[in-house]
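Summary of the model geometry
Here is what each chain is made of, one letter per residue.
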Amino acid sequence: MSVTDLRARSKEMQGRNLMLQTTVDQIGDDLPLFGPDGLGLDSIDALELAVSMEKVFGVNVPNSEVAGKALRTVNTIHDYILEKKGTGAPQ
């Protein structure tokens, strides 16, 4: 799967599993997912993202510390998936 495809699938996963007020096309790769300056996701959304990542990509998010780093943006999700899948350095 290409880098672009992985980012697109990540955005699709977010759009499908979260109650976003934003379209998938409006989610920037570096847009913060949490907080008032981003999509405004909350802790329930973080749990939904973690469960979805496991279902869609086979990647586990083991705890809140890891989630806090991995689930910041589409790019951090992308990098975390690549790291856990062992497909090389993030691009």
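As a reminder, the structure under discussion sits directly above these lines.
The structure reproduced in this document is the subject of the present report. Keep in mind the model is a prediction, meaning the values are calculated, not measured. (Residues numbered from 1 in each chain as written. Predicted model: local features only at pLDDT ≥ 70, side-chain atom pairs only at ≥ 80, totals over all residues. Heavy atoms only, no water.)

Let's talk about helix α2 (residues 43-57)
Here α2 contains 15 residues, and its C-alpha end-to-end distance of 21 Å stays within 8% of the 21 Å for a straight helix at 1.5 Å per residue. Taken together, the buried positions of α2 are Asp45, Ala46, Leu49, Ala50, Ser52, Met53 and Phe57. Viewed end-on, α2 has its buried residues packed into an arc of 170 degrees, placing them on one side of the element. Looking at α2, the residues exposed on the side facing more than 90 degrees away from the buried face are Ser43, Ile44, Leu47 and Lys55. The opening residue of α2, the one whose side-chain oxygen lies 3.1 Å from the backbone nitrogen of Ile44, is Asp42. Remark: Gly58 follows α2 within two positions and exhibits a positive phi of approximately 70 degrees. (Helix = DSSP H or I, 4+ residues; strand = E, 2+ residues; numbered from the N terminus. Expected span 1.5 Å × (residues − 1). Buried < 20%, exposed > 50% of the residue type's maximum accessible area, 1.4 Å probe, protein only. Arc of directions from axis to C-beta. Polar contact = N/O pair within 3.5 Å; in protein donor to acceptor, adjacent residues only side chain to side chain.)

Examining the nonpolar core
Core analysis: the largest hydrophobic core is formed by 23 residues, its most contacted members being Leu41, Leu49, Met53, Leu71 and Ile81. Put simply, the parts of the chain that give this core at least two residues each are α1 (3-17), α2, α3 (64-70) and α4 (74-85). In contact with Leu71, other than residues within four places in its own chain, are Leu33, Phe34, Ala46, Leu49, Met53, Thr76 and Ile77. (Core = buried A, V, L, I, M, F, W, Y, C linked by side-chain atoms within 4.5 Å. Contact = heavy atoms within 4.5 Å.)

Quick word on the pattern of salt bridges
As enumerated under the stated definition, the model contains three salt bridges in all. Between Arg7 and Asp29 there is a salt bridge, with its nearest N and O atoms 4.0 Å apart. Of the two residues, Arg7 is situated in helix α1 and Asp29 in the loop between α1 and α2; the sequence distance between them amounts to 22 residues. For Arg7, a relative accessible area of 14% translates into the label buried. Given the relative accessible area of 27%, Asp29 is considered partly exposed. (Salt bridge = Lys/Arg side-chain N within 4 Å of Asp/Glu carboxyl O.)

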